[in-house]
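Observations on the three-dimensional arrangement
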Amino acid sequence: MNYDFHTCPDRRGTGSLKWERHAGRDILPMWVADMDFSSAPEIITALKQRAAHGVFGYTIPPSSTVDAVLDYLLEKHGVRVEAEHIVWFPGLVPAINVACRAFVKPGGEVLTCTPVYPPFLSASGFAGVGLRKVPLAENDGVWDMDFDALEAAVTPQTKLFILCNPHNPVGRVFPVGTMERLADFCVRHGLVLISDEIHCDLVLDDLPHTSGLKFSGVNGPAVVSMFAPSKTFNLAGLACAFVVIPDGETRRAFQRAARGIITEVNAFGYAGCEAALRHGWRWHGKLLDALRSNRDFLENFIAASLPGIRTWHVEATYLAWLDARDLQQKDVCGFFEDCGVGLSDGVPFGAPPGFLRLNFGCPRPQLEEALGRMASAL
Ligand SMILES: Cc1ncc(COP(=O)(O)O)c(C=O)c1O
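Residues numbered from 1 in each chain as written. Predicted model: local features only at pLDDT ≥ 70, side-chain atom pairs only at ≥ 80, totals over all residues. Heavy atoms only, no water.

Some remarks on the packing of aromatic side chains
The criterion, for reference: We call Phe, Tyr and Trp rings a pair once their centres come within 6.5 Å, taking the six-membered ring for Trp, and we label the pair stacked below 30 degrees between planes, edge-to-face above 60, and tilted otherwise. The helix count covers DSSP runs of H or I at least four residues long, the strand count covers runs of E at least two residues long, and both are numbered beginning at the N terminus. Exposed residues in this analysis have more than 50% of their type's maximum accessible area, buried residues have under 20%, and partly exposed residues fall in between, with area computed by a 1.4 Å probe over protein chains only.
One pass over the full model with this rule turns up 18 aromatic pairs. Ring geometry for Phe5 versus Phe37: centroids 5.2 Å apart, planes at 85°, classification edge-to-face. Of this pair, Phe5 sits in the segment before helix H1 (17-20) while Phe37 sits in the loop between strand E1 (28-29) and helix H2 (41-53), and the two are 32 residues apart along the sequence. Exposure class is identical for Phe5 and Phe37. Each is buried.

Spelled out as structure tokens, the structure:
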């Protein structure tokens, strides 16, 4: 089967969050993390079949979908989990917010590393608990955790560590040694480890993803690993995610906090998830080729043609983190919008002013046009 990563159906007027933000203006949206690619034909077929059934009542997780998840976790990530360890959720953002309510009592604190996906920073406030932010360290162009800073920041009130694994926005795949140190840190300080693994199948380099689940067990921390087919297979609008919590007490606390306020996953979410995990991998291989090629083009283009902008090598995700502080623009995001490119501003990620995030999950002509506009503006 031929897969098309060169064109995308026009998304304007489809209620696309990404495209509606700048509706009516000549601005290419390169911000929120969904891709301008059609989903895998295998997934579209499965969704059509589900629609053809014609009855859309309350839906519990079909056993075939649960089996697909168990096989996926074992085959792709080397972790064996039981069906009862899975908590289905309509998204990772609600799951992160529920985790803050479940594991941190009033007066307690959440710990995370910045810059990071903004809901990691807002969830603690919504739960009425504290937040400690520790900047990631950057050594010779490579991002890592700063364990000295983490040891200095953690307090007896700290109960939860939220990890972005791989990391949005810096695109880092943390090495297994870093993950081991982090697990040890969580055990010593009695922290529940939340591992957001939504980008784990978007590793572009030949690097192993280390699931937080590898550290769950008698000598490990309580681990809550969160997954979804939504980034990898471009299914964010289907609102289907699964949270894996092997420890029974931890899982029940999480489920209690969600009771009555979190909706069920819908019938199409399950159908899309199962089709992706069972039949989406050939498409996924071609997707990674397209993303790698876009990433290489982007990194070369920035070095050659965007003076005053620095970026880092993206090991995973389709998101590039840009340091545009040298441009000395008061509102650097607004500056690029005015020249026709819609980026994410870095400030909500916990970065100082002057940083941007660029989504390169789109057909090459769109990426070239956006970068060309940025080059003309500079
Ligand atoms: C790290 C991370 N977690 C979660 C999400 C969103 O998850 P969901 O759409 O399942 O709420 C994103 C979306 O960009 C993300 O980058």
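This is not the end of the story, as more comes after the structure.
Observations regarding unusual backbone geometry
Of note, the amide linkage connecting Asn165 to Pro166 takes the cis form, showing an omega dihedral of -5°. Within the secondary structure, Pro166 sits in the loop between strand E7 (158-164) and helix H7 (176-189). Following Asn168, the chain continues into Pro169 via a peptide bond in cis, with omega recorded as 20°. Relative to the elements of secondary structure, Pro169 occurs in the loop between E7 and H7. At Ala239, a residue that is not glycine, the phi angle is positive and equals roughly 50°. On the secondary structure map, Ala239 appears in the loop between strand E9 (223-227) and strand E10 (241-244).

Details of the site of the ligand
This is how it is decided: In this text, near means that some heavy atom of the residue lies within 4 Å of the molecule or strand in question. N or O atoms within 3.5 Å of each other form a polar contact, as long as, within protein, one can give a hydrogen and the other can take it, and as long as residues adjacent in sequence are counted only when both atoms are side-chain atoms. In short, Shrake-Rupley with a 1.4 Å probe defines the accessible areas, and a residue's cover is counted only from the protein chains shown. In this classification, the charged set is Asp, Glu, Lys and Arg, the nonpolar set is Ala, Val, Leu, Ile, Met, Phe, Trp, Tyr, Cys and Pro, and all remaining amino acids, among them Gly, are polar.
The full set of residues close to the ligand is Ala33, Gly91, Leu92, Val93, Tyr117, Cys164, Asn168, Asp196, Ile198, His199 and Lys231. Contacts to the ligand include Asn168, whose side-chain N or O atom sits 2.7 Å from an oxygen atom. Within the side chain of Asp196, a nitrogen or oxygen atom sits 2.6 Å from a nitrogen atom of the ligand. Compared with its free state, where it exposes 400 Å², the ligand has 88% of that area covered by protein. Of the residues assigned to the shell around the ligand, the class counts are six nonpolar, three polar and two charged.

Here's the deal with H2
Applicable threshold: Expected helix span is given by 1.5 Å per residue-to-residue step, counting one fewer step than there are residues. The directions considered for the arc are those from the helix axis to the C-beta atoms. Working rule for contacts: check all heavy atoms of both residues, and any pair within 4.5 Å makes them a contact.
Its 13 residues give H2 an end-to-end C-alpha distance of 19 Å, which sits within 8% of 18 Å, the value for a rise of 1.5 Å per residue. Those residues of H2 that fall on the buried side of the exposure criterion are Glu42, Ile43, Ala46 and Leu47. Seen end-on, H2 carries its buried residues on one side only, within an arc spanning 135°. Opposite the packed face of H2, turned more than 90 degrees from it, sit the exposed residues Lys48, Gln49 and Ala52. Where H2 is buried, its residues touch helix H9 (267-279) and helix H10 (281-305). Looking one or two residues past H2, Gly54 carries a phi angle of roughly 85°, positive in sign.

Examining the pairing of strand E15 (residues 355-359)
For clarity, the cut-off: A pair of strands is labelled paired if DSSP reports no fewer than 2 bridges between them.
Burial analysis of E15 places five of its five residues in the buried class, the great majority of the element. Burial of E15 is two-sided: the residues Phe355, Arg357 and Asn359 facing one way and the residues Leu356 and Leu358 facing the other way are all buried. In the sheet, strand E12 (residues 319-323) pairs with E15 via five bridges, with the strands oriented antiparallel. Considered in E15, the bridge of Trp321 is made with Arg357. Sheet topology places strand E14 (residues 344-345) next to E15; two bridges connect them, and they run antiparallel. Within E15, the position partnered with Asp345 by the bridge is Leu356.

With respect to the state of the cysteines
Going by this rule: To count as a disulfide, a pair of cysteine sulfur atoms needs to be within 2.5 Å.
Evaluated as defined, the whole model comprises zero disulfides. Cys273 takes part in no disulfide bond, and the closest cysteine sulfur, belonging to Cys240, lies 4.2 Å away. There is no disulfide at Cys339, and the cysteine sulfur nearest it, in Cys333, is 11 Å away.

Topic: the side chain of Asp34
Looking at where Asp34 falls in the secondary structure, it is placed in the loop between E1 and H2. At 2.8 Å, the side chain of Asp34 forms a polar contact with the side chain of Arg11.

Here's the deal with helix H5 (residues 119-127)
Taken residue by residue, H5 has Pro119, Phe120, Leu121, Ala123 and Ser124 as its buried positions. In this structure, the buried residues of H5 make contact with helix H4 (92-103), strand E3 (109-114), strand E4 (130-135), E7 and strand E8 (192-196). Two residues or fewer after H5 comes Gly128, characterised by a positive phi angle close to 75°.

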